[in-house]
Amino acid sequence: GENVEQHPSTLSVQEGDSAVIKCTYSDSASNYFPWYKQELGKGPQLIIDIRSNVGEKKDQRIAVTLNKTAKHFSLHITETQPEDSAVYFCAAGSGNMLTFGGGTRLMVKP
Amino acid sequence: DAGITQSPRYKITETGRQVTLMCHQTWSHSYMFWYRQDLGHGLRLIYYSAAADITDKGEVPDGYVVSRSKTENFPLTLESATRSQTSVYFCASINGGASNYGYTFGSGTRLTVV
């Protein structure tokens, strides 16, 4: 089955700096790569996703990149703000099944 | 309100008791999932269901039972709760099909087994 590794497990940045979270996956059949943000006391919420036929996708301050050859994908957050502080999960899968990474706790210091 | 709701939000139970966590979705999504979230383990799949009366095991199914008699409900039962089942439980759903648009999660149930 699919295995997703996520790094780092914790990340602390200064407000205004950029943050990068990286994930690798094992199953070359995976074709869908969503990212979720989980705020304290809430369920994970989809923030951005990318499919295997696309190399990069942007939505305002967040962007995702995908390298199918190397089987890794990354989340980039620019101009971080305190409200970006949360746990972020990557996931990989195909069809209706997703496998999640272990999560990254992002702390943005004002 | 439309969406996916979990109940209760918090539950304390004793070791050996049976407890059922509820999950209800209003979209008629075909797929539903149960995850547990523990520190250091991320989200681990317990059980999932592709449709009413179709369920399958995930990564950590031992000690849990599920049923899906109606498309909108997917209860998770701990038949004899153990302390190791203390966790936060999330239900999720997706409208199955060729295009995967990601899961929608409920707000979670924090379960403590004492």
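Refer to the structure printed above.
Quick caveat: nothing in here was measured; it's all calculated off a predicted structure.

Colleague: I'd love a proper account of the state of the cysteines, names of residues and values included.
Modeller: Counting across every chain of the model gives two disulfides over all chains. One disulfide in the model links cysteine 23 of chain A with cysteine 90 of chain A; its S-S distance is 1.9 Å. The sign of the S-S torsion, about -100°, decides the handedness of the disulfide formed by cysteine 23 of chain A and cysteine 90 of chain A: left-handed. Here cysteine 90 of chain A lies in strand β9 (residues 86-94) and cysteine 23 of chain A lies in strand β3 (residues 19-25), a separation of 67 residues in the sequence. Since its relative accessible area comes to 1%, cysteine 23 of chain A is described here as buried. Since its relative accessible area comes to 0%, cysteine 90 of chain A is described here as buried. The disulfide partner of cysteine 23 of chain B is cysteine 91 of chain B, and the gap between their sulfur atoms is 1.9 Å.

Colleague: Tell me what's going on with the side chain of glutamine 6 of chain B, and back it up with residues and numbers.
Modeller: Residue and element names in this part refer to chain B. Along the chain, glutamine 6 falls in strand β1 (residues 4-7). Reaching out from glutamine 6, the side chain makes a polar contact with the backbone oxygen of tyrosine 89 at a distance of 3.0 Å. Within the structure, the side chain of glutamine 6 is placed 3.1 Å from the backbone nitrogen of glycine 108, a separation counted as a polar contact. If sequence neighbours within four positions are ignored, glutamine 6 has contacts with Met22, Trp34, Tyr89, Phe90, Cys91, Gly106, Ser107, Gly108 and Thr109.

Colleague: Residue-level account of the pairing of strand β4 (residues 31-38) of chain B, with values.
Modeller: Residues and elements named next belong to chain B. Of all the eight residues making up β4, eight are buried; the element is thus mostly covered by neighbouring parts of the structure. By the alternation rule, side chains of β4 split into Tyr31, Phe33, Tyr35 and Gln37 and Met32, Trp34, Arg36 and Asp38, which are all buried. For β4 and strand β9 (residues 87-94), the ladder comprises seven bridges, and the chain directions are antiparallel. If you follow glutamine 37 over to β9, its bridge partner there is valine 88. The pairing of β4 with strand β5 (residues 42-51) spans seven bridges and is classified as antiparallel. By the bridge assignment for β5, tyrosine 35 is matched with leucine 45.

Cut-off values and rules
- Residues numbered from 1 in each chain as written.
- Chains lettered and ligands numbered in written order.
- Predicted model: local features only at pLDDT ≥ 70, side-chain atom pairs only at ≥ 80, totals over all residues.
- Heavy atoms only, no water.
- Disulfide = S-S within 2.5 Å.
- Helix = DSSP H or I, 4+ residues; strand = E, 2+ residues; numbered from the N terminus.
- Buried < 20%, exposed > 50% of the residue type's maximum accessible area, 1.4 Å probe, protein only.
- Polar contact = N/O pair within 3.5 Å; in protein donor to acceptor, adjacent residues only side chain to side chain.
- Contact = heavy atoms within 4.5 Å.
- Pairing = 2+ DSSP bridges.

So far we have only geometry, and geometry alone does not tell us how the molecule works.
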